[in-house]
Amino acid sequence: MKTLNLQLTFWACLCSFSLSAQFAAGDGTSESPFQIQNKEQLAEVANNLSAHFILMNDIDLTGETWNQIGSFDQPFSGVFDGNGHKISGATISSSASYWSGFFGYMSQGTIKNLHLKDLSLTGNAVVGGLVGQIDNGIVKNCIVEGTVTSFDNTAGGIVGCIYNGGGSIINCIANVAVTTAPASLTAGAIVGQCNDNGIVQNCLARGSVSVGGRGAGAMGYFGCDEVATPQNTVTGIVILDMKVTRQASWTGPEHFSRIIGTRNGTAGTIANNYVWAEQFEFIDVVPEQVTDEKRGIDKTESELKQQTTYETLGYAFGDNENAPWTIKDGQEFPTLW
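Treat the numbers as computed from the prediction; the structure is a model and nothing was measured.

### Brief notes about the nonpolar core
Part 1: Counting residues in each nonpolar core, the largest one holds 68 residues, and the members touching the most others are Phe102, Leu130 and Ile190.
Part 2: If one sorts the elements of this core by residue count, strand E8 (residues 110–123) sits on top with 5 residues.
Part 3: Apart from the residues lying within four places of it in its own chain, the contact partners of leucine 130 are Gly101, Phe102, Phe103, Ile111, Leu114, Leu116, Val139, Cys142, Val144, Gly157 and Ile158.
Part 4: Counting 15 residues, the second-largest nonpolar core is a separate cluster that includes Ile143, Tyr274, Leu313 and Leu336.

In structure tokens:
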């Protein structure tokens, strides 16, 4: 019996060592997350979808074709802490029919403190720069910069869709050119579609959205056909510079505004969202005559460079993930620490 126990202990240690050897350090727990220092270790996240990870330095993927992490059948359900670092130059061309992103599908996971820079992402339906679809998960303190293109329907600069299980996008920045197919619906700089139980809060949006039938500066669609009274919350969104384009081949009804393109029902909350009106442009669009709820409240450049403007919305200023915003007061727009 003693010999058997020694053998089992040996094999358990060997398996643990083999897994840990794929990363710089750590055992994948919340107390000791796997440490990622290079692109090879980053790729291993796809084989350990429920573990905890922390990025230890910037990683440059320029010139490489990258595979997304997670799918509907095998969603990411762990915790990925970018630790304030950048992943630059990722090119992802997904052949999946649905759910494409740097993380394709996330369920009960968290992605935080990460900067995706110079991202180039193409996919079919439900495409998001950071996450294709969230079904109960959290994205916070993240920046996405680059291009996101859907050859079918639904695209978002940070998240393609928050599904019915809900999800949160909090304290994030989108600076993305989002494009969908000419005959498609639903695109947004931050999130393409938020079905139900979603929270989009204290995020900055800039860039462009080019779409067929439904598009907005921040969110394409609040709700969905299968949810009669969606309980989403959209607050503290600030659009800095943005253009929304209706593609000329679209002949269906138009639902364009600045914060929300289409709203399903009257449940949920849309409030306290701001727009730098002088730098927002509609191209080939006759915007709907809607209230401030969907279009946001006009603010000047001077107001949007004042820390107090954002503190009123609940933005927390500091130098850590609990107070992630920083600003040169009166001189620049805020960014993440």
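### Looking at unusual backbone geometry
Part 1: You will see that valine 126, though not glycine, has its phi angle at about 65°, which is positive.
Part 2: Positionally, valine 126 belongs in strand E9 (residues 125–128).
Part 3: Of note, asparagine 141 is a non-glycine position whose phi angle comes to about 55°, a positive value.
Part 4: With respect to the element layout, asparagine 141 can be found in the loop between strand E11 (138–140) and strand E12 (143–150).
Part 5: Note on asparagine 141: relative accessible area 4%, which makes it buried.

### Some remarks on the packing of aromatic side chains
Part 1: Enumeration over the complete set of coordinates arrives at 17 aromatic pairs.
Part 2: For the pair tryptophan 66 and phenylalanine 102, a centre-to-centre distance of 6.5 Å together with 15° between the ring planes defines the contact as stacked. Residue tryptophan 66 is found in the loop between strand E3 (59–60) and strand E4 (79–88), and its partner phenylalanine 102 is found in the loop between strand E6 (98–100) and strand E7 (103–106); the two are separated by 36 residues along the sequence. In this structure, tryptophan 66 and phenylalanine 102 share a single accessibility class: buried.
Part 3: With a centroid separation of 5.4 Å and an interplanar angle of 90°, the aromatic rings of tryptophan 99 and tyrosine 105 are classed as edge-to-face.

So, how was this worked out
- Residues numbered from 1 in each chain as written.
- Predicted model: local features only at pLDDT ≥ 70, side-chain atom pairs only at ≥ 80, totals over all residues.
- Heavy atoms only, no water.
- Core = buried A, V, L, I, M, F, W, Y, C linked by side-chain atoms within 4.5 Å.
- Buried < 20%, exposed > 50% of the residue type's maximum accessible area, 1.4 Å probe, protein only.
- Helix = DSSP H or I, 4+ residues; strand = E, 2+ residues; numbered from the N terminus.
- Contact = heavy atoms within 4.5 Å.
- Phe/Tyr/Trp six-rings, centres within 6.5 Å; stacked < 30°, edge-to-face > 60°.

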